[in-house]
Amino acid sequence: MSGERELHPESETGHPREAPLRKIVHVDMDAFYASVEQRDDPTLRGKPVVVAWRGNRSVVCAASYEARRFGIRSAMPAITAERLCPEAIFLPPDFPRYKAVSRAVREIFQRHTDLIEPLSLDEAYLDVTVNKTGLPTATKVASAIRQQIREELSLTASAGVAPNKFLAKIASDWRKPNGLFVIQPGDLDTFLPPLPVGRIPGVGKVTETRLNQIGIQTVGDLRTFELATLEAQFGRYGLRLHELARGIDHNPVVPDRPTKSISAEDTFQRDIPLSETEELIRRLAEKVWTASRRESRMARTVVLKLKTSEFNILTRSHTPLVPPASCEELTTIALSLRERIDLAATQRFRLVGVGLSNFREQESPPPPLFEETTDPDLQCEVQRLTEPV
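Please read all numbers here as calculations on a predicted model, not as lab measurements. (Residues numbered from 1 in each chain as written. Predicted model: local features only at pLDDT ≥ 70, side-chain atom pairs only at ≥ 80, totals over all residues. Heavy atoms only, no water.)

Caption draft 1: Examining the packing of helix 10 (residues 227–234) against helix 11 (residues 236–244) more closely. As a packed pair, helix 10 and helix 11 sit with axes 6 Å apart at the nearest point and diverge in direction by 135 degrees. Here helix 11 runs oblique to helix 10, going by the angle between their axes. Note that helix 10 runs across helix 11; the crossing there is right-handed. Contacts between helix 10 and helix 11 involve Leu227, Leu230, Glu231 and Phe234 on the former and, on the latter, Arg236, Tyr237, Gly238, Leu239, Leu241 and His242. Of the residues belonging to the contact of helix 10 with helix 11, the class tally is six nonpolar, two polar and two charged. (Axes fitted to C-alpha atoms, helices over the stretch in contact; angles between N-to-C directions. Helix = DSSP H or I, 4+ residues; strand = E, 2+ residues; numbered from the N terminus. Parallel < 35°, antiparallel > 145°, perpendicular 65-115°, else oblique. Left-handed = near helix turned anticlockwise from the far one by under 90°. Contact = heavy atoms within 4.5 Å. Nonpolar A, V, L, I, M, F, W, Y, C, P; charged D, E, K, R; others polar.)

Caption draft 2: Highlighting the UniProt feature "active site" (unreviewed entry) in the protein chain. Residues annotated in UniProt with the feature "active site" (unreviewed entry) correspond here to Glu123. Checked against the element boundaries, Glu123 lands in strand 8 (residues 123–127). Judged by its relative accessible area of 16%, Glu123 is buried. Aside from chain neighbours lying at most four places away, what touches Glu123 is His26, Val27, Asp28, Pro118 and Lys169. (UniProt positions renumbered as here; feature names shortened; annotations may be inferred. Buried < 20%, exposed > 50% of the residue type's maximum accessible area, 1.4 Å probe, protein only.)

Caption draft 3: Layout of the pattern of salt bridges. Using the criterion set out here, one finds 18 salt bridges in the structure. Of the charged contacts in the structure, one is a salt bridge between Asp40 and Arg39, with a shortest N-O distance of 2.8 Å. By relative accessible area, which is 38% here, Asp40 ends up partly exposed. Between Arg283 and Glu279 there is a salt bridge, and its shortest N-O distance comes to 3.2 Å. Here Arg283 pairs with Glu279, and both are found in helix 12 (residues 278–292), just four residues apart, close to one helical turn. The class for Arg283 is partly exposed, based on a relative accessible area of 45%. One network of salt bridges, in which partners are shared, links Glu37, Arg39, Asp40, Asp94 and Arg97. (Salt bridge = Lys/Arg side-chain N within 4 Å of Asp/Glu carboxyl O.)

Caption draft 4: Local environment of the layout of surface pockets. By volume, the second largest pocket is sized at about 320 Å³. Lining the second largest pocket are 16 residues, and of these Ala31, Cys61, Arg68, Ser74 and Asp122 sit closest to its centre. Per-class residue counts for the lining of the second largest pocket are nine nonpolar, one polar and six charged. (1 Å grid on protein atoms, 1.4 Å probe; cavity = no way out; pocket = protein on both sides within 12 Å on 5 of 7 lines; lining within 4 Å. Points joined across faces, edges and corners; volume = space filled by probe spheres on them.)

Caption draft 5: Looking closely at unusual backbone geometry. Look at the link from Lys176 to Pro177: it is a cis peptide, with omega at -5 degrees. Checked against the element boundaries, Pro177 lands in the loop between helix 6 (165–172) and strand 10 (180–182). Phi is positive for Ala31, which is not a glycine, with a value near 40 degrees. Within the secondary structure, Ala31 sits in the loop between strand 3 (24–29) and helix 1 (32–40). With relative accessibility at 5%, the residue Ala31 sits in the buried group. You will see that Asn178, though not glycine, has its phi angle at about 55 degrees, which is positive. Mapping Asn178 onto the fold places it in the loop between helix 6 and strand 10. Look at Asn178 and you get partly exposed, because its relative accessible area is 37%.

Here is the structure:
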């Protein structure tokens, strides 16, 4: 992928602008949570491991490849996973341990580039157009990263190498687990058309169904539709589909992407009325508030999420004139949002969540009224003066 160039939209002179082709690597850890458990407990190796709390309302966080052979997948109800594989070993998730391993993986990434965009604890995009180690190709960088992860952390990772994020994401999944796949710019017209449209990242079941209904089964089918037709059917997302079908993705790797929201949610052991949600809302608000203290920016909007026993999701939000300045304020607002749920008192709920969003830079505090002093008596006096009366 070295030395190749791509054409960008026309410049003011009317001629296409040229820019060096990006070299993007997408690294995806293999069955991350389950693999960490198997690494740390040799008796689990080769066995079907499911990372999930047991219970009717729990969902699978991760499944080892031995468990996946039975059809177990992430986000599947734990009770379904247990039915598919009664001999599966269920382990409660240990997120502090997974986060520590994720940090170690990121340290390996940082040896090669500073342009790292994490997507979750177990996957990230890396822009290695210019890499720190001087390796001649992105493929060699990806190979080196996978080898270092294997040798230093005793884990495996799959990687995709391509000229943009969209293609790298597809490539990393191509030879899982423990695989490496490269999509060269010249491969697009042969590689992309046969793919089912569901392989396009971001195309979920609903969008895939809508595409199928208008005769689009593959990426090749998608290419035959005019942009205007796609925009009429899918709005702004129609342009995105039009470009992805041709392998076009100009989105850069964005390191340390600003936080958009922080949230926590939990599912009840049994469906309960709204009036019984206070205790869990308080616990979730405390968890969210603690997490938000690690952010330099201030969240302005409080969000309450509820899921009914019929699986309908309701969200209510409030943006106060002054952002919540304490856990107590956050909790009070979250609890008050229940009053905006206009459903019968007999309605039952299975899940509740609390979140903070609309993060903004904190405004600089006003200058002090008096000069700072080292006299402890005067400092106490200033403190009393600044307290609310």
